[in-house]
Amino acid sequence: MMGWLAALCLLLLQTGVNAFDIFDGDSLNHQEITESAIFETTLAVCRAVAAGKRFILPKRPYTADSVARACDASKSSKSFLQTIQLIQDNNVWIDKRFFYSARHHFDNEEFKKGKKLITDGLSAVKASNKRQNFEAARKKLGRLLHSLQDFYSHSNWVEMGETTPNSKLIKSGSIGKTAAKSRATCRSCNGDDCTNNILEDILRENILTTGYFDFVPLSSKPEGKCSHGGIYDFTSRIDPTGGINKDKTDSEHGHLHVKAANIAIAATSQVLEDIRRAAGDTTFLQLMGINKGKALCFVIDTTGSMSDDIATVRIVTTAIINSRVGTEDEPSVYILVPFNDPDFGPLTRTTDPDVFKGAINSLTATGGEDFPEMSLSGLRLALTGAPPGSDIFLFTDATAKDDYLAPAVMALIERTKSVVYFMITGRLGLRRRRESNNTNNQQQQQQQQQQQQPKLLTRASSQVYADLAQASGGVAIQTTKSQLLTATTIVTESSNSAQVILLQATRNPGKSDNFTFTVDESVKNLTIYITQLSATFTLISPSGVSQSSANLTGPLISSSQSVGNFQALQLTTQVGLWEIRMVSTAAYTVKVIGESSIDFLFDFLEVSEGPLGGFDVLENRPRAGANASLRVTITGSVSATVTEVTLVESSTSGTVNGSVEAQGEGKYFVRFDNIPSNEFVVLVKGQSGNASSRAVSSFQRQSSSSLRASAVTVSADDSEDVLEPGVPFSVPFSVLKNGSGGNFIIQATNDQGFTLSFPSTLSLTTGSWANGTVNITAPASTPSGTDVTLTIEASAPGGTDTNYAVLRLTVLTPVTDFTEPVCQLLNLQSNCSANCSASMWELLAEVTDGANGSGIATIRVGEGNGTMNTSLSPSNTTLVSYTESCCSPDVEIVVVDQVGNVGSCSYTVRTTTPTMNTTTTTTTTTAQPTTTAASTQAVQSFVLCLSITILGLSLTI
């Protein structure tokens, strides 16, 4: 059961370093297998999407950047790589969390349970895709792929002479003959030679078996069975000795490692192709993070006083859509979340700009009789529904009634690394208070909500927006309603997928300070944001030229705009080290942005508690005052190298320098002796080369979101992450405090409003874990594929320290339909002649999903350019008619049922070259097409070829 990652983990146990320098030599691991299949399938989809346009296949070895460029989406290389890493991390997670589970690795001949993990996971992926919940789909995809890939390394599929994937692992039906528990399958190896240890009758009869595995010395296995093998497997010491795994080239069956890995790549591609055909090309590319531009996400207050603001948002929306549609910055998805009081939502997500315009045009400003509104509830829904790294714009003229959600929103900002811009009209706290006869009832309702959700923060509500903006890397702009259009236009114009942050700092309370930032050759559209109009500053360029805020027209500032508390300065781009000297006694923020292909991804790591050791990606706050490790990946450049990684305190510029170790392919492993106790950002510096000029310049990039350390540790069990509608679901969690204990406040929230129960407090003793459980129930009517984000927070006594666990759960109605839809040809006619453009052919077919099927969901043309129409027959089946020019003789009709099973029906009309003695020939099929007298007597003869095939892919890599 070592899996493809075992050698890595052994390496980590021995050295403690080189966490991502995996498998020197010929061996392939789960990450490489997964990445290779993703690259191949994504390029195939992009080639299909570009039909009729020029498509240039990149040179091998492929990279996320080269594949994104080939897909005409170069600005999405960062999100594409982030997607690949998420899928890979969840793949490796199986080895960390289910090391002992035979079914997760196809050990101990657990074929049925292993297949069920794959098919259940695939159903969850398709259900999430259907509702565009891509984060949940990626997580589930990575986990199912581990088990799928292990089948080829841990079973005797390759030894049986198979060269293509076992398609039944993802389809209905038997995967083949499997060995009975009493059937002997192996003999002992001949010393270190295990090449012939599988019994001849097992291979001759094509009987599937896998090795047995046990991690403990007092292990056992059924008599005569094969073992997995390797240093972790104690069954390999029991007769028959040795093993059959092909995890790496020096495994017992390592001579077959490359064959097994290549079939695993093909099998992974088969799964991805099945997902693609169920979802469609556009949705598949979104799943992979291949998008033209960033998401456009608006969270809008719809209370009575917001009518002017909503009208402005309509203008802004139209302007953005009109300027970006058809460009490389066209939004990948449009998201709208309204909020009022006491309601918020629903979330509208669409890729159609006209649908988005219609949703905004339908908003009306009503209600909201008291002052504060449910703004953070709306923001939380947007953070869980938008892609990671999104820019989210929240429009309001009121404080937050639900400010008890601030910790949950902060946690989501840190996890998603999304940037939030608060567009605040008027002066908070001075908006006209509205009177209503229902005021008392609303106050009672608010008090009940506050009692159910204890406040963890005591700061003024008007400060919440500023704090969240600062944490996300955004800004809180306070302006008048008449200036809202200008303010929004300034920010949205610079919001695109190529935006990078060179510097961001906050001083609260204000103080004079100097800041430096380095501009490299790749940076364009250099802009500075300052949120304090009373602040004075002096800019100094790399050439030594200076310009002060007293004169905004000069050599360094090409244009400037000011609204409310916000000003934007467009700089003349100069390569080198810049300086900005700020003078202000009032609080301010400084943010320097530009456009560049060079950026970075990062994740904090923690030592894995699994038996293999190594590291896991840390999904909450790192431990305060302790040492820490960071994974950094450079995106958008093959020549850029990292020289420094620093943690910079956001409010003081105090720094902690890391020790950087290059791991190859743009990846770096960084160690820190301690984590700052104050809020901090990640600053990366390095060198980038210019291939044309052969020049090398320094660059710097900074994380958008600020991070915090915590002495509180929160751990939640997410090994099971699927809820059944109407059935209570339990999530165990644990809390640890490094230091003194006490009574910790527990708060659990979810973005779907599902019923929750959890302990309001946990009593912790020093150095000991305290355990609790959150129970959550999705209503019975919840649509399958709904994504729910559950946040569990633990706050130390006095609210001085807090940490969280964020879980993404999927609501899934149990799937019982694993049978593909089928087609039956009713009629096919053709009058094809030598002049194909003047002749047509047509067909009529019936599509069904069987008596116990889930029903037809979509029917589309997979290949062909003709006209397809569908209708219901009197017997309630679906009729498909297709008409096409004889110049295009092929058609493939792709049929998907409600749970994502895919059927493919292919029809072809082929014309032969006429000769003197040619006679009309028609192939015999189960559904004989009708031919007319005219076509029979035609001088031009034709061959009619018909095939009806249910999807059963055979991909060779």
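Our structure's up above, just so we're on the same page.
Residues numbered from 1 in each chain as written. Predicted model: local features only at pLDDT ≥ 70, side-chain atom pairs only at ≥ 80, totals over all residues. Heavy atoms only, no water.

Visitor: It is not clear to me how the overall build of the protein chain should be interpreted in this structure. Could you clarify?
Guide: Across its full length, the protein chain holds 18 helices and 42 strands. Split into buried and exposed, the 957 residues of the protein chain put 56% on the buried side. By sequence separation, contacts in the protein chain at least 24 residues apart represent 73% of the contacts at least 6 residues apart. With the model as given, the accessible surface of the protein chain reaches about 37,800 Å², and the carbon-plus-sulfur share is 49%. (Helix = DSSP H or I, 4+ residues; strand = E, 2+ residues; numbered from the N terminus. Buried < 20%, exposed > 50% of the residue type's maximum accessible area, 1.4 Å probe, protein only. Contact = heavy atoms within 4.5 Å. Areas by Shrake-Rupley, 256 points an atom, 1.4 Å probe, with all protein chains shown as cover.)

Visitor: What's the story with the packing of aromatic side chains in this structure? I'm lost.
Guide: Between two aromatic rings, the relevant description is the distance of the centres plus the angle of the planes. What the rule picks out here adds up to 25 aromatic pairs. Measuring from centroid to centroid gives 5.3 Å for Phe106 and Phe151, while their planes differ by 75°, and the two rings are edge-to-face. Here Phe106 is found in the loop between α5 (102-105) and α6 (111-130), whereas its partner Phe151 is found in helix α7 (residues 134-154), with 45 residues between them in sequence. Phe151 carries the same exposure label as Phe106, and that label is buried. With centroids separated by 5.9 Å and ring planes inclined at 35°, the aromatic side chains of Phe600 and Phe602 adopt a geometry described as tilted. Residue class for Phe600 comes out buried when judged on its relative accessible area of 4%. One aromatic cluster is present, built from ring pairs that chain together Phe298, Tyr334, Phe356, Phe393, Phe395 and Tyr421. One cation-aromatic arrangement involves Arg143 over Trp93; the distance from NZ or CZ to the ring centre is 3.5 Å. (Phe/Tyr/Trp six-rings, centres within 6.5 Å; stacked < 30°, edge-to-face > 60°. Lys NZ or Arg CZ within 6 Å of the ring centre and 35° of its normal.)

Visitor: What is the right way to look at the sheet that holds strand β12 (residues 557-563) in this model?
Guide: In a beta sheet, neighbouring strands pair by backbone hydrogen bonds and run either parallel or antiparallel. Judged by pairing direction, the sheet is antiparallel, and its five strands sit side by side in the order β7-β15-β9-β13-β12 without closing on themselves. Of all the strands in the sheet, just β7 (499-507) and β12 have a single pairing partner and so form its edges. When the angles between neighbouring strand axes are averaged without regard to direction, this sheet yields 15°. Direction of pairing for strand β9 (residues 524-530) relative to strand β13 (residues 566-571): antiparallel, over a ladder of four bridges. Note that in β13 the partner of Ile530 across the bridge is Gln567. Helix α17 (residues 484-493) contacts β9, β12 and β13 of the sheet and is inclined by roughly 135° relative to β12. (Pairing = 2+ DSSP bridges. Axes fitted to C-alpha atoms, helices over the stretch in contact; angles between N-to-C directions.)

Visitor: I'm lost on helix α13 (residues 375-385) in this one. Help?
Guide: For α13, a buried count of eleven out of eleven residues is recorded, marking the element as mostly surrounded by other parts of the structure. For α13, every residue scored as buried is listed here: Ser375, Leu376, Ser377, Gly378, Leu379, Arg380, Leu381, Ala382, Leu383, Thr384 and Gly385.

Visitor: Looking at this model, I keep getting lost on the environment of Val258. Mind explaining?
Guide: Relative to the elements of secondary structure, Val258 occurs in helix α9 (residues 257-279). Given a relative accessible area of 42%, Val258 falls into the partly exposed group. Measuring from C-alpha to C-alpha, the distance between Val258 and Leu28 comes to 7.6 Å, with 230 residues separating the pair along the chain.

Visitor: Is there a simple way to think about the state of the cysteines in this case?
Guide: As used in these notes, a disulfide is a covalent bond between sulfur atoms, one from each of two cysteines. Throughout the structure, instances matching the rule amount to six disulfides. Linked covalently through their sulfurs, Cys189 and Cys194 form a disulfide whose S-S length is 2.0 Å. On the sign convention where negative is left-handed, the bridge of Cys189 and Cys194, at about 110° about the S-S bond, is right-handed. Note on accessibility: Cys189 and Cys194 belong to one class, buried. Note that Cys832 is cross-linked by a disulfide to Cys886, the S-S spacing being 2.0 Å. Measuring handedness by torsion sign, the sulfur bridge of Cys832 and Cys886 sits at about -85° and is left-handed. With Cys832 in the loop between β34 (822-830) and β35 (840-848) and Cys886 in the loop between β38 (878-885) and β39 (890-897), this pair connects stretches of sequence that are 54 residues apart. (Disulfide = S-S within 2.5 Å.)

Visitor: Got a minute to help me understand the nonpolar core in this structure?
Guide: Proteins that are soluble and globular tend to have nonpolar side chains buried together. Counting 56 residues, the largest nonpolar core has Phe80, Leu141, Phe151, Val271 and Met288 as the members making the most contacts within it. Sorting elements by how many residues they give to this core places α9 first, with nine residues. Sequence-distant contacts of Val271, that is, excluding residues within four places in its chain, are made with Leu122, Leu141, Leu144, Leu145, Leu148 and Ile170. The next biggest cluster of nonpolar side chains, apart from the first, holds 35 residues, and it includes Ile335, Leu405, Val420 and Leu468. (Core = buried A, V, L, I, M, F, W, Y, C linked by side-chain atoms within 4.5 Å.)

Visitor: Whenever I open this one, the environment of Ala44 confuses me. Can you help?
Guide: Within the secondary structure, Ala44 sits in helix α2 (residues 30-49). Assessed through its relative accessible area of 35%, Ala44 is described here as partly exposed. The sequence separation of Ala44 and Leu57 amounts to 13 residues, and the corresponding C-alpha distance is 9.6 Å.

Visitor: Help me understand empty space enclosed by the protein, please; the structure alone is not making it clear to me.
Guide: Any space left empty among the atoms is revealed by the rolling of a water-sized probe across them. Per the stated rule, a full pass over the model turns up seven cavities of 30 Å³ or more. In this structure, the largest cavity spans a volume of roughly 140 Å³. Along the walls of the largest cavity sit 14 residues, with Glu414, Arg415, Phe604, Asn620 and Leu707 positioned nearest its centre. Among the elements of the structure, α14 (406-416) and β16 (599-607) are those that each provide at least two residues to the lining of the largest cavity. Examining the composition of the lining of the largest cavity, we find that three residues originate from one element, β16, more than from any other. Considered class by class, the residues forming the lining of the largest cavity number six nonpolar, one polar and seven charged. Its volume calculated, the second largest cavity comes out at about 110 Å³. Lining the second largest cavity are 14 residues, and of these Leu122, Lys126, Ile170, Phe818 and Asn901 sit closest to its centre. Among the elements that make up the lining of the second largest cavity, the one with the highest residue count is α6 (four residues). Broken down by class, the residue content of the lining of the second largest cavity amounts to five nonpolar, four polar and five charged. (1 Å grid on protein atoms, 1.4 Å probe; cavity = no way out; pocket = protein on both sides within 12 Å on 5 of 7 lines; lining within 4 Å. Points joined across faces, edges and corners; volume = space filled by probe spheres on them. Nonpolar A, V, L, I, M, F, W, Y, C, P; charged D, E, K, R; others polar.)

Visitor: Just to check I follow, could you spell out the pattern of salt bridges for this structure?
Guide: Opposite charge on two side chains makes pairing possible when the charged atoms of those side chains draw close. Per the stated rule, a full pass over the model turns up 39 salt bridges. Residue Arg631 is joined to Asp89 by a salt bridge in which the shortest nitrogen-to-oxygen separation is 2.8 Å. In this pair, Arg631 sits in strand β18 (residues 628-635) while Asp89 sits in helix α4 (residues 77-97), placing the two residues 542 residues apart along the sequence. Here Arg631 falls in the buried class, since its relative accessible area comes to 7%. Between Lys401 and Asp341 there is a salt bridge, with its nearest N and O atoms 2.5 Å apart. Here Lys401 is found in the loop between β4 (391-396) and α14, whereas its partner Asp341 is found in the loop between β2 (334-339) and β3 (348-350), with 60 residues between them in sequence. Side by side, Lys401 and Asp341 carry an identical accessibility label, which is buried. (Salt bridge = Lys/Arg side-chain N within 4 Å of Asp/Glu carboxyl O.)

Visitor: What's the story with the packing of helix α11 (residues 307-324) against α17 in this structure? I'm lost.
Guide: Angle between the axes and distance between the axes are the two parameters that describe a pair of packed helices. Contact geometry for α11 and α17: axes closest at 10 Å, N-to-C directions at 30°. Here α11 runs over α17; the crossing is right-handed. On α17, the residues that touch Asp309, Thr312, Ile315, Val316, Ile320 and Arg324 of α11 are Leu484, Leu485, Thr488, Thr492 and Glu493. (Left-handed = near helix turned anticlockwise from the far one by under 90°.)

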